[in-house]
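Residues per chain, in single letters:
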Amino acid sequence: MSTIHSEVTATSTTTQSDVAESRKGTQKLEALQKEEKWAQQKWEDEKIFEVDAPAPGEPSPPKFMGTFPFPYMNGLLHLGHSFSLTKLDFACGYERLQGKRVLLPFGFHVTGMPIKACADKLKKEIDKKNEESVDPTKIVKKHGKAAAKKTNLTYQFQIMRSMGIPNEEIKLFADAKHWLYYFPPGTKEDLKDFGLSVDWRRSFFTTDVNPYFDSFVRWQFNTLHKRADPKVKYGERYTIYSPLDGQPCMDHDRASGEGVGVQEYTGIKLQVLMDELTGAEHVKDVPVGQALTTPEFQKALAGRNLYLVAGTLRPETMYGQTNCFAGVDIAYGIYAVNDKEAWVCTPRSARNMAFQKLFGEPGSMKKLGEVKGIDLVGVPLKAPLAKYERVYTLPMEGVLANKGTGVVTSVPCDSPDDYITLQDLKKKAAYYNVQPKWVEPFADSFPSIIRTPNYGDRAAETAVKKFKINSQKDKLQLSEAKAEVYKEGFYQGTVIIGNHAGKTVQEAKPLIRDELIAQGLAFPYCEPEGMVMSRSGDECVVTLAPQWYIDYGEEGWKKLATLCLADMETYSAETRHQFERTLDWLNQWACSRSFGLGTRLPWDPKYLIESLSDSTIYMAYYTVAHMLQGGVLDGSKQGSGNIGAEQMTDEVWNDVLLNGPVPETAIPKATLEKMRREFEYFYPLDVRVSGKDLVQNHLTFFIYNHTAIFPQSKWPKGVRVNGHLLLNGEKMSKSTGNFMTIKDALKVFGADATRFALADAGDGVEDANFVEKTADDAILKLYTEREWIEENLAAIKEGKLRTGAYTWNDRVFAAELDKMIADTDAAYYVVP
Ligand code: ANZ
């Protein structure tokens, strides 16, 4: 890309004043856009991107098939999408020039919850409008923007308006189906305007609204399920649950907390050193933990070991624990776990634990006593993995009663909150009677756990300085610092202590967690990510409930996925490592949902297949889609094969895609053969192109499912991922306004200049940058080139150009072109 770019730059005569001129007048832009339209129309008329497998007897050229993950259609595509798309489109263009028959199909994803949830939300807003007889567009005026903001309420109609939907059309979106007929066709038009070289005959949208695609996904799931070693299984998974209703509480059953999922913590068991508490040594300094030493409580405890249990998201930092924090005003309960243990935590978390069967029978709990946070201050503890023999319980202002267990283990090395609280306590030791010896030996001498490139070995301390945090009261800065440190540690951190030293945080985290759990030092604990209230007014918990899940991570299957990856082109070592890491930890995945849009699970149709699970092998569907559905996204018309959707039985799919036994069907043999030819010719997939964030779920699922369903010769051959796209050097974000849809870019720059700036934005896995000035400049360059071509065409016509043998300059020019071609070949084929 850069070769082409620098070539044009070298010959261009662009100046700043030209840029200004171009911004003022759009004449040049319009001239280019007119030509783009002309070319696009010509492509469409001549069907140049519509390709079929060669007919029998025809010569069979090499082929190339590339895809992009079908985007979710609850809005328009933005520049980030178009960036990944250019990587695919340019590769397809290159392969076409190599003489290959190139297939670039494009589909639209509407499976899942958000569209339905937004439609329902809009419906509620409209119903409310009818009640109040207010125009929905005036709700904000009536209730006030501030009120809306305070309650964290963005009205759905505002979101629809921000997407450019006219007021009078918004009500139509209260029907989820309307989204399916609005965004996919609109996006298709945008992508045509963008000049994407797609065979649009093969396009479709997902879910059971499209009966052909639906039959494909049902076949896929039956294939995974009905086999000697089923890949889809039934078993217990974490689910949001209403104890009062006695059943899972899915989105549509909720009075509040729509979209709230399950947060998985690790419960760390910090053992109360009861002997020290009752022993003379400790008590003579200052009496602590008296509530725990009363005869009544000791009787209830009946010799059980007592633990403060802390909920953490960062088990890998446990080497650095220096103390434990309790909220002084929080009322904790003490619960019997079994005959040997009792835990101190908030009643709310105990209720969750009870439904996760941590105390025996689901829902059962036995409370042994209560203790206020302030009465825990000074209690000595044994913290797992910590370098200190004994750490102390200290007071902290920011401990929330409604999050985790209400007990927080403190890691000043990596938690800015913990670091600053310890520093505060060091300064004013008299606070809640805190003794210097509970703080001083720990406040500065704690060990380092994680090394990151930007924050060093003591990330929390670095962040506290960077964000100028002076005390626990600087809440806003603290939450920013916490987010930064967490991100930095998770994505770039390496563990530098303990028996996992040298591993990345992403690798070490699950390993350390599993080890702590295996040794009985910790336990898995889950709760809703936020408050969820059921319609019956019950606060929901997380329980273990039976569900259908896909058995990713199962040893034999993982081996096949690893084998597939080994043969795959990943275009960068980093991408390969990311896949390897994902294969290391990826585990069972719940694939059934009861709310949203999608295909029903064929053998248990009360469930829908969730959105990441119906998207793993559908690239095979593209190979025959045009024969099934006739150019309409919803499959409401038959395609060139004249096949009814009901005819697409599992047996027919087996025949077409797996060379299965000849099915009993009214579909003519020749039609089946043609479908099989399409699949056999275009599959396996040569490259899948996407943003890098999909490696850890979608793209790994894609590998797994191909290996489960198809023979090795049909496994995917390549995945190319790119970084995120910045816009003018800043993160793209709707909330800051630094955001551009493809539609907008095409309006402002036209297709070619947009593509030009995208080509220049970056090529690696790191973030890329779309610079508007580059696109602006490209308009001028392209226009100048157009003028030059026109002049020369005229000159040719008038016979004004020199003829005869090549001069030295001609030969240099030709050699330059040859070099560029060779560079391009190398760029597409040689792995950096
Ligand atoms: C150890 C640790 C080490 C933590 C570290 C963080 C950083 P988010 O991401 O906001 O959910 N925490 C747990 N329960 C809490 C409560 N009731 N009130 C206040 N803080 C609580 O934060 C999760 C982290 O917040 C948890 O992980 C816990 O501190 C703390 F380097 O545990 B962490």
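Structure: above.
Residues numbered from 1 in each chain as written. Predicted model: local features only at pLDDT ≥ 70, side-chain atom pairs only at ≥ 80, totals over all residues. Heavy atoms only, no water.

**Remarks on the overall build of the protein chain**
Of regular secondary structure, the protein chain possesses 30 helices and 26 strands. What you see for the protein chain is a C-alpha radius of gyration of 31 Å, in line with the 28 Å of a compact globule of 832 residues. For the protein chain, the spread of C-alpha atoms along the principal axes amounts to about 110 × 70 × 60 Å. Going through the 832 residues of the protein chain one by one, you find that 51% of them count as buried. Restricting the contact set of the protein chain to residue pairs at least 6 apart, pairs at least 24 apart contribute 76%. Just so you have it, the protein chain exposes about 37,800 Å², and 54% of that area is on carbon and sulfur atoms. Of the charged side chains in the protein chain, 101 are positive and 111 negative, and the gap between their average positions amounts to 3 Å. (Helix = DSSP H or I, 4+ residues; strand = E, 2+ residues; numbered from the N terminus. Rg over C-alpha atoms; globule rule 2.2 N^0.38 Å. Buried < 20%, exposed > 50% of the residue type's maximum accessible area, 1.4 Å probe, protein only. Contact = heavy atoms within 4.5 Å. Areas by Shrake-Rupley, 256 points an atom, 1.4 Å probe, with all protein chains shown as cover. Lys, Arg positive; Asp, Glu negative; His and termini not counted. Charge placed at Lys NZ, Arg CZ, Asp CG, Glu CD.)

**So, helix 24 (residues 619-628)**
What sets the pattern is the α-helix's 3.6 residues per turn: residues three or four places apart point alike. Of all ten residues in helix 24, ten are buried; the element is thus mostly enclosed. Taken as a whole, helix 24 has its buried residues at Met-619, Ala-620, Tyr-621, Tyr-622, Thr-623, Val-624, Ala-625, His-626, Met-627 and Leu-628.

**Let's talk about the packing of helix 10 (residues 176-193) against helix 28 (residues 742-759)**
Orientation of helix 10 relative to helix 28, taken along the N-to-C sense of each, is 20°, at an axis distance of 10 Å. What the angle tells us is that helix 10 and helix 28 run roughly parallel. Judged by the sense of rotation from one axis to the other, the crossing of helix 10 with helix 28 is left-handed. On helix 28, the residues that touch Asp-190, Leu-191 and Asp-193 of helix 10 are Ile-742, Lys-743, Leu-746 and Ala-751. Here the contact of helix 10 with helix 28 is built from residues that sort into four nonpolar, no polar and three charged. (Axes fitted to C-alpha atoms, helices over the stretch in contact; angles between N-to-C directions. Parallel < 35°, antiparallel > 145°, perpendicular 65-115°, else oblique. Left-handed = near helix turned anticlockwise from the far one by under 90°. Nonpolar A, V, L, I, M, F, W, Y, C, P; charged D, E, K, R; others polar.)

**With respect to the packing of helix 17 (residues 416-427) against helix 20 (residues 475-492)**
For the pair helix 17 and helix 20, interaxial distance at closest approach is 9 Å and the crossing angle is 130°. It follows that helix 17 is oblique to helix 20 by the angle criterion. Mapping the contact onto sequence places Pro-416, Asp-417 and Ile-420 in helix 17 and Leu-478, Ala-481, Lys-482 and Val-485 in helix 20. Tallied by class, residues from the contact of helix 17 with helix 20 come to five nonpolar, no polar and two charged.

**Describing unusual backbone geometry**
A cis amide bond links Tyr-683 with the next residue in sequence, Pro-684, at an omega value of 5°. One non-glycine residue, Lys-47, lies in positive phi territory at about 50°.

**Structural notes on the site of the ligand**
Lining the immediate surroundings of the ligand are 17 residues, of which Thr-312, Leu-400, Lys-403, Asp-414 and Lys-482 lie closest. Within the backbone of Leu-313, an N or O atom sits 3.3 Å from an oxygen atom of the ligand. Note that a nitrogen atom of the ligand is positioned 2.7 Å from one of the backbone N or O atoms of Lys-403. In the complex, 85% of the free accessible area of the ligand, which totals 650 Å², lies under the protein chains. At the level of elements, strand 7 (305-312) and strand 14 (407-410) are the ones that each hand at least two residues to the shell around the ligand. For the shell around the ligand, the per-class residue count stands at six nonpolar, seven polar and four charged. (Near = heavy atom within 4 Å. Polar contact = N/O pair within 3.5 Å; in protein donor to acceptor, adjacent residues only side chain to side chain.)

**Focus on the side chain of Gln-220**
Mapped onto the elements of the fold, Gln-220 is located in helix 11 (residues 211-225). Here Gln-220 falls in the buried class, since its relative accessible area comes to 0%. One polar contact links Gln-220 to Thr-616, side chain to side chain, over a distance of 2.9 Å. In this structure Gln-220 touches Ser-613, Thr-616, Ile-617, Asn-705 and Ile-709, once residues within four positions along its chain are discounted.

**Overview of the pairing of strand 13 (residues 391-395)**
Taking burial as the measure, the five residues of strand 13 include five buried ones, the bulk of the element. The pairing of strand 12 (residues 380-382) with strand 13 spans two bridges and is antiparallel. From the neighbouring strand, Leu-381 faces strand 13, where its bridge partner is Val-391. (Pairing = 2+ DSSP bridges.)

**Regarding the sheet that holds strand 24 (residues 719-722)**
With parallel pairing, the four strands of this open sheet are ordered in space as 2-1-23-24. Unpaired on one side and paired on the other, strand 2 (101-103) and strand 24 mark the two borders of the sheet. Taken pair by pair, the neighbouring strands of this sheet meet at an average axis angle of 20°, ignoring direction. Relative to strand 24, strand 23 (residues 687-691) runs parallel, the two sharing four bridges. Residue pairing across strands places Val-689 opposite Arg-720, the latter belonging to strand 24. Contacts between helix 4 (residues 79-97) and the sheet are confined to strand 1 (63-67), strand 2, strand 23 and strand 24, with strand 23 contributing the most and set at about 155° to the helix.

**Some details on a nonpolar patch on the surface**
On the surface, Trp-788, Ile-789, Leu-793, Ile-796 and Leu-801 cluster together into a nonpolar patch covering about 520 Å² of accessible area. Of note, Leu-801 is situated in the loop between helix 29 (772-797) and helix 30 (808-829). You can call Leu-801 partly exposed: its relative accessible area is 42%. (Patch = residues over 30% accessible without salt bridge, like charges linked within 9 Å, V, L, I, M, F, W, Y side chains within 5 Å. Salt bridge = Lys/Arg side-chain N within 4 Å of Asp/Glu carboxyl O.)

**Brief notes about the state of the cysteines**
All chains considered together, the criterion is met by zero disulfides. Cysteine Cys-92 shares no disulfide, and the gap to the nearest cysteine sulfur, in Cys-564, comes to 20 Å. Not part of a disulfide, Cys-591 finds its nearest cysteine sulfur in Cys-526, a span of 19 Å. (Disulfide = S-S within 2.5 Å.)

**Points about the pattern of salt bridges**
Evaluated as defined, the whole model comprises 48 salt bridges. Residues Asp-120 and Lys-116 are paired through a salt bridge, measuring 3.1 Å at the closest nitrogen-oxygen approach. Of this pair, Asp-120 and Lys-116 are both found in helix 5 (residues 114-132), four residues apart, which corresponds to roughly one turn of the helix. Overall, the relative accessible area of 25% leaves Lys-116 in the partly exposed class. A salt bridge links Arg-786 to Glu-790; its shortest N-O distance comes to 3.8 Å.

**Concerning the packing of aromatic side chains**
Overall, the coordinates contain 49 aromatic pairs when judged by the stated rule. Aromatic side chains Tyr-552 and Tyr-704 sit 5.0 Å apart centroid to centroid with 50° between the ring planes, which places their arrangement in the tilted category. Of this pair, Tyr-552 sits in the loop between strand 19 (541-550) and helix 22 (555-566) while Tyr-704 sits in helix 27 (residues 695-709); the two residues are 152 residues apart in sequence, bridging distant segments of the chain. Exposure remark for Tyr-552: the relative accessible area of 1% places this residue in the buried category. Ring pairing ties together the aromatic residues Phe-70, Phe-204, Phe-213, Phe-216, Trp-219, Tyr-618, Tyr-621, Tyr-622 and Trp-653, which thus form one cluster. Over the aromatic face of Tyr-307 sits the side chain of Lys-269, whose NZ or CZ is 5.1 Å from the ring centroid. (Phe/Tyr/Trp six-rings, centres within 6.5 Å; stacked < 30°, edge-to-face > 60°. Lys NZ or Arg CZ within 6 Å of the ring centre and 35° of its normal.)

Interpretation note: all reported values are geometric properties and have no functional meaning in isolation.
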